[in-house]
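One letter stands for each residue in the lines below.
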Amino acid sequence: MGVIMILDKDYWATPQAVVKGISSYCYAKGLVSLPKPTIDVCATPFNTKVQDNYITEEENALVADWGKFGLAWCNPPYSRGNVGLFFNRALEQYRKNQTETIMLLNCDNGTAWFADIIAHAKAVIYVMNGRIKFLDPETGEEAKNPPKPNMVVVVGERTNDHIETHYLSLDEIFKLGA
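Residues numbered from 1 in each chain as written. Predicted model: local features only at pLDDT ≥ 70, side-chain atom pairs only at ≥ 80, totals over all residues. Heavy atoms only, no water.

Caption draft 1: Quick peek at the environment of Gly 21. Mapped onto the fold, Gly 21 is located in helix H1 (residues 16-28). On the accessibility criterion, Gly 21 (0% relative accessible area) is buried. In sequence terms Gly 21 and Asn 82 are 61 residues apart; their C-alpha atoms lie 25 Å from each other. When neighbours within four sequence positions are excluded, Gly 21 is seen to be in contact with Ile 173, Leu 176 and Gly 177. (Helix = DSSP H or I, 4+ residues; strand = E, 2+ residues; numbered from the N terminus. Buried < 20%, exposed > 50% of the residue type's maximum accessible area, 1.4 Å probe, protein only. Contact = heavy atoms within 4.5 Å.)

Caption draft 2: Spatial organisation of the environment of Asn 150. Tracing the sequence through the fold places Asn 150 in strand S6 (residues 150-155). Here Asn 150 falls in the buried class, since its relative accessible area comes to 1%. C-alpha separation for the pair Asn 150 and Ala 123, spaced 27 residues apart in sequence, amounts to 14 Å. In this structure Asn 150 touches Leu 104, Leu 105, Asn 106, Cys 107, Tyr 126, Val 127, Arg 131, Ile 132 and Phe 134, once residues within four positions along its chain are discounted. Polar contacts involving the side chain of Asn 150 include one to the main-chain amide nitrogen of Ile 132, which spans 2.8 Å. (Polar contact = N/O pair within 3.5 Å; in protein donor to acceptor, adjacent residues only side chain to side chain.)

Caption draft 3: Region of the structure containing the pattern of salt bridges. Inspection of every chain in the model, using the stated rule, returns three salt bridges. Measuring nitrogen to oxygen at the nearest pair gives 3.4 Å for the salt bridge that ties Lys 96 to Asp 65. Placement of Lys 96 in helix H2 (residues 83-97) and of Asp 65 in the loop between strand S2 (54-56) and strand S3 (71-74) is noted, with a sequence separation of 31 residues between them. A relative accessible area of 52% places Lys 96 in the exposed class. The closest approach of N and O atoms between Asp 108 and Lys 148, which form a salt bridge, is 3.3 Å. With Asp 108 in the loop between strand S4 (100-106) and helix H3 (112-120) and Lys 148 in the loop between strand S5 (123-128) and S6, this residue pair connects regions lying 40 residues apart in the sequence. Using a relative accessible area of 24% as the deciding quantity, one classes Asp 108 as partly exposed. (Salt bridge = Lys/Arg side-chain N within 4 Å of Asp/Glu carboxyl O.)

Caption draft 4: Quick look at the pairing of strand S1 (residues 39-43). With five of five residues buried, S1 lies mostly within the body of the structure. Both S1 and S2 contribute to a ladder of two bridges, which runs parallel. Its bridge partner being in S2, Asp 40 is matched across the sheet by Tyr 54. (Pairing = 2+ DSSP bridges.)

Caption draft 5: A look at the sheet that holds S2. Pairing in this open sheet of seven strands is mixed, and the strands run S2-S1-S3-S4-S6-S5-S7 from one edge to the other. Of all the strands in the sheet, the pair left with one neighbour each is S2 and strand S7 (164-169). Across the sheet, the mean angle separating the axes of adjacent strands is 20° when strand polarity is ignored. Where S1 lies against S3, two bridges are found, and the strand directions are parallel. Residue pairing for S3: Asp 40 is matched across the bridge by Trp 73. Here H3 sits on the sheet and contacts S4, S5 and S6; the angle it forms with S6, its principal contact strand, is near 45°. (Axes fitted to C-alpha atoms, helices over the stretch in contact; angles between N-to-C directions.)

Caption draft 6: Structural view of the nonpolar core. Counting residues in hydrophobic clusters, the biggest one holds 27 residues, and the most contacted among them are Val 41, Met 103, Ile 117, Met 151 and Val 153. It is H2 that provides the largest number of residues to this core, a total of six residues. Grouped together as the second largest cluster of nonpolar side chains are 23 residues, Val 18, Leu 71, Val 127 and Leu 170 included. (Core = buried A, V, L, I, M, F, W, Y, C linked by side-chain atoms within 4.5 Å.)

Caption draft 7: Broad picture of H1. End to end, H1 covers 18 Å across 13 residues, agreeing with the expected 18 Å (1.5 Å per residue, within 8%). Val 18, Val 19, Gly 21, Ile 22, Ser 23, Tyr 25 and Cys 26 are the residues of H1 that are buried. Where H1 is buried, its residues meet S3, S4, S5, S6, S7 and helix H4 (170-177). (Expected span 1.5 Å × (residues − 1).)

Now the structure itself:
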């Protein structure tokens, strides 16, 4: 079997320390009810963050069920215009199954999906003092110059009528994820 060349940046992996740090922060602040994700809804065997429970591109997280009373990790494909679709699916899965979602996204406040996030998400966490360097699917090496800043969106029950806003440094994410 030959080597598969994956060049599409949609398949780059989030460093595990980032997932652990963000999840720990969300749990400690009461933004989610579980300490770590129970399912990864945008994964390949290389980049999954939940080894025994993930949804592949072929299984299609936009139609597959994400489970009940869980915590989904969602780093959706950015380049395909699907961020809004995945956010809406996360809202649907919370309303239907009480599955909370932590989404890692580019910070892009000029988009329609950003306005939807502000209107409906439980919380947004802006990542400060750096950008997350995703891992190349072929080499495992970090990206050299990430093009956009990052934010984390939490989908779950709002405790009041507006979105909670948090700020978290990249250094703190790595400390929490160590």
